[in-house]
Amino acid sequence: MAELIRPHAEAKGDEVALIDERATRTWAELDERVNRWVHALRGVGVQPGDVIALLCGNRCEAFEAMVAAGHAGVRIVPVNWHWTAEELAYVLADSGSRVLIADDRYADVAAEGLAALPEPLAAAVVMRDDAPAGFVGLEEWLAAASADEPDDQRYGGPMFYTSGTTGFPKGVKSSLLEPGMPASIGGLVAGTVCEGLHLPADGVTALCGPLYHSAQWAWSVLPLVMGSRVVMQHRFDPAELLSLFDEHRVTNVHLVPTQFIRLLKLPQDVKDAFDGSSLQVVWHGAAPCSPQVKRDMIEWFGPIIHEYYGGTEGGIISTISSTEWLERPGSVGVPGPTYEIRILDEDGNDQPTGQPGQIWFRQSDGRDFEYHNAPEKTAAAHREGGFGTLGDIGYFDEDGYLYLSDRKIDMIISGGVNIYPAEIEGVLVTHPAVKDAAVFGIPHDEMGEEVKAAVELVDGHEPSDELAAELIRHVREHLAGYKAPRSIDFEDEFPRHPTGKLYK
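Residues numbered from 1 in each chain as written. Predicted model: local features only at pLDDT ≥ 70, side-chain atom pairs only at ≥ 80, totals over all residues. Heavy atoms only, no water.

1. Some words on the overall build of the chain
Right, so step 1: The helix and strand inventory of the chain stands at 17 helices and 29 strands.
Right, so step 2: By its C-alpha atoms, the chain is 65 × 55 × 55 Å across when sized along the principal axes.
Right, so step 3: When the 504 residues of the chain are sorted by exposure, 56% land in the buried category.
Right, so step 4: Sequence-distant contacts, at least 24 apart, represent 69% of the contacts inside the chain between residues at least 6 apart.
Right, so step 5: For the chain, the accessible surface area stands at approximately 21000 Å², while carbon and sulfur atoms represent 49% of it. (Helix = DSSP H or I, 4+ residues; strand = E, 2+ residues; numbered from the N terminus. Buried < 20%, exposed > 50% of the residue type's maximum accessible area, 1.4 Å probe, protein only. Contact = heavy atoms within 4.5 Å. Areas by Shrake-Rupley, 256 points an atom, 1.4 Å probe, with all protein chains shown as cover.)

What follows is the structure, given as C-alpha cells:
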C-alpha cells in the first residue's frame, strides 16, 4: 500500500475519498491507482529527484498524481491550465520535466507545447482513450503497470511556478518539500499543517479553486493525506458550492475574496436555502479583502472565517481568527510559532511599532526557499541572517499584530491571481506599433484589480479603438487570457527617471 494513505485504505477502503464532476474514487481505489502511478513513472525511467509536470484541472486524477509524487520521491510541477503552449514549453524546459501528464481538456495545448521542445520527454500521457500521436492514454499507461506496493517509497512534493517581476514564471523550491526523504515524512508535514489550520483529520474538504495554486494544494492534498474526503469543482460556481457544502457535509474550505463577493451576490432565496451547519472552518487569503465583505461573510457564516498572510515562498506566515479580526479590522494576525518577522526600512533598520516597512521573515526550524535556476532572484529575496521577503510592506501594532499597508510594488492581484506587469509589458513592446508600455492594476469591485495598460506609439501610428483591440489580441496570443489588459490608454510620452525607471 502507499504509505501515506495506508491507514485510510485499511480502515475505510470502500468509502469515497475523492469526488469530482465526472468520477469518484474510494480509498482502496486511490491506493491501488497510486501504486500503478508509481510503477508507471519508474517504468519510463523516472527516479527520485526527477521532475514531472501536471497540466490538469480539478479532478481525481490530479490528486492521484500528487499522491504518487509523494511516494515516488519526484518533484511535480502543477501547470496553470490557462497558459499558452509557449508558456507551457518554457516551464517544461526550465523545470527539466521528464514526463507531462495532461488533462483531455488541454490536450491541444499540451501537444503544441511538446512540439516546441528541442527533445522529446520520457513520456507524454493524456487523460483520454484515443490518445493523439506522441501520447499514451492514461488508463492504458496505468493498466500496464503493477498494482503491487512499490518498494523504497520516497517523499516527493510540488514545485509551484509563480510569475516573476521580469520574464517568464520561476519555480519555487521549498526545503519543506524537498524530495528524497522517507515517504512517511509527508504524513508528519501534512499533520502539522492541518493541525495548525484547525482542519479536522477525518473531515470533508471542498476544493473550488485551481489545484495549481500552492494554497489550494495545501488546503486539499494535505487534508486528503490526513484522511479527509475531497469534493471538488473544476470551475467555481457559487450556488453549486453551497449545494456541495450541504450535500457532502463539507467541514472546511479555502476561498479568495472574489469568491466571497460572488457568494454574497447570490439571490436571497439561494442563500436562505443554505444550511451550512457542517462547516467548521473557512480560510481565505491570496488577495486583499474588503473589510465590509469580510464582515458580511462573518455575519452569514459565523465566526469560522480565518485569514492568513503568506505565499508560495514563505508558507503561512501569520493567521487571524474572526474574533481577533473583529477586534482589529484589517490585521492579518500574529506570526506563526516558527516565524520571526522584522519590519525594516530601505537601509535595513528595524521600524518602530506602527511604522511601515518591508516585511522580512525567518523560520526557526531552518526552512527556506529558492527560485529554480534563478540564483540572482533568490539572493534578491534574502538578506543576511536567513531572512526572506515576499516584497510586501506592513507594520506591527502594539500587541504584535501584523497589518499590510501595501502590496508588492508592481504586482496586480485579480481574483486572487498574481499578475506581474513586466511580463505583459514585454509582450506589448514586441508589437510594431508600440514604442513603450506600462501595465498596472486599477480597482475593480469584484476582482479586486483589473489589468490596464498604457502605451506610447511609434511615430506613424495613431490611437484608435481598433488598435487597442489589436494590442489586447496580441497579448492573448502570447500569454494566458487573464493577463491581457482589459483597457488601454494611449500616452504621448512616458515619464521616466534619468536612469530609465518608469514612474507609474
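More follows now that the structure is in view.
2. Quick word on the pairing of strand E28 (residues 448-457)
Right, so step 1: For E28, the buried fraction is high: 9 of the 10 residues fall into the buried class.
Right, so step 2: Sheet topology places strand E27 (residues 434-444) next to E28; 10 bridges connect them, and they run antiparallel. Within the sheet, the bridge partner assigned to glycine 441 lies in E28 and is valine 451.
Right, so step 3: The pairing of E28 with strand E29 (residues 487-491) spans 5 bridges and is parallel. Directly across from valine 455, in E29, lies its bridge partner phenylalanine 490.
Right, so step 4: Chirality of the crossover, the property in question, places the unit of E28, helix H17 (residues 465-478) and E29 among those that are right-handed. (Pairing = 2+ DSSP bridges. Right-handed = clockwise from strand over helix to strand, strands pointing away.)

3. A short note on the environment of isoleucine 298
Right, so step 1: Mapped onto the secondary structure, isoleucine 298 falls in helix H13 (residues 291-301).
Right, so step 2: Sequence spacing of isoleucine 298 and serine 322 is 24 residues, and the spatial spacing of their C-alpha atoms is 7.1 Å.
Right, so step 3: Non-local contacts of isoleucine 298, meaning those with residues more than four positions away in its chain, are made with Pro303, Ile305, Ser322, Trp325 and Leu326.

4. Remarks on the environment of valine 451
Right, so step 1: Within the secondary structure, valine 451 sits in strand E28.
Right, so step 2: The buried category is assigned to valine 451, whose relative accessible area is 3%.
Right, so step 3: Valine 451 sits 10 residues away from glycine 441 along the chain, and the two C-alpha atoms are 4.9 Å apart.
Right, so step 4: Once residues lying within four places of it in the same chain are set aside, the contact partners of valine 451 are Ile412, Ile419, Ile424, Val439, Phe440, Tyr482, Lys483, Ala484, Pro485, Arg486 and Ser487.

5. Digging into the sheet that holds strand E7 (residues 136-137)
Right, so step 1: Strand order in the open sheet made by the 6 strands is E7-E6-E5-E3-E4-E8, with parallel pairing throughout. Looking at the sheet topology across the chains shown, the edges are occupied by E7 and strand E8 (157-158).
Right, so step 2: Here strand E5 (residues 97-102) runs beside strand E6 (residues 123-126); their pairing, made up of 4 bridges, is parallel. The residue of E6 that forms the bridge with alanine 102 is valine 126.

6. A word on helix H5 (residues 107-115)
Right, so step 1: The set of residues buried in H5 consists of Ala107, Ala110, Gly113 and Leu114. Across the axial projection of H5, the buried residues extend over an arc of 125 degrees, all falling on one side. The exposed residues of H5 that point more than 90 degrees off its buried face are Asp108, Glu112 and Ala115.
Right, so step 2: Looking at the packing, one finds that the buried side of H5 touches strand E3 (51-55), helix H4 (85-95), E5 and E6. (Arc of directions from axis to C-beta.)

7. Points about the side chain of glutamate 450
Right, so step 1: Position of glutamate 450 relative to the elements: it lies in strand E28.
Right, so step 2: Buried within the structure, glutamate 450 lacks any salt-bridge partner; its nearest side chain of opposite charge belongs to arginine 486, at an N-O separation of 5.8 Å.
Right, so step 3: With near-sequence residues (within four places) excluded, glutamate 450 lies in contact with Ser414, Phe440, Gly441, Ile442, His444, Arg486 and Ser487. (Lys, Arg positive; Asp, Glu negative; His and termini not counted. Salt bridge = Lys/Arg side-chain N within 4 Å of Asp/Glu carboxyl O.)

8. Some thoughts on the confidence of the model for the chain
Right, so step 1: Residues at a pLDDT of 70 or more form 95% of the chain, whose mean pLDDT is 92.
Right, so step 2: Below a pLDDT of 50 lies the segment residues 497-501, which in the model reaches 3 contacts outside its immediate sequence neighbourhood of four places, other chains included. (pLDDT = per-residue confidence, 0-100.)

9. Concerning the packing of aromatic side chains
Right, so step 1: Considering all chains together, one arrives at 15 aromatic pairs under this definition.
Right, so step 2: Relative to tyrosine 212, the ring of tryptophan 81 has its centre 5.0 Å away and its plane inclined at 80 degrees; by these criteria the two rings are edge-to-face. Placement of the pair is tryptophan 81 in the loop between strand E4 (75-78) and H4 and tyrosine 212 in the loop between strand E11 (204-207) and helix H8 (214-218), with a sequence separation of 131 residues.
Right, so step 3: Tryptophan 81 gets classed as buried once you look at its relative accessible area, which sits at 7%.
Right, so step 4: On the basis of relative accessibility, which here comes to 10%, the residue tyrosine 212 falls in the buried class.
Right, so step 5: Judged by centre distance (6.1 Å) and plane angle (45 degrees), the ring pair of phenylalanine 245 and phenylalanine 274 falls under tilted. You can see phenylalanine 245 sitting in helix H10 (residues 238-247) and its partner phenylalanine 274 sitting in the loop between helix H12 (268-272) and strand E14 (281-284), a full 29 residues away along the chain.
Right, so step 6: On the accessibility criterion, phenylalanine 274 (12% relative accessible area) is buried.
Right, so step 7: Ring-pair connections join several aromatic residues into one group, and the members of that group are Phe245, Phe274, Trp300 and Phe301. (Phe/Tyr/Trp six-rings, centres within 6.5 Å; stacked < 30°, edge-to-face > 60°.)

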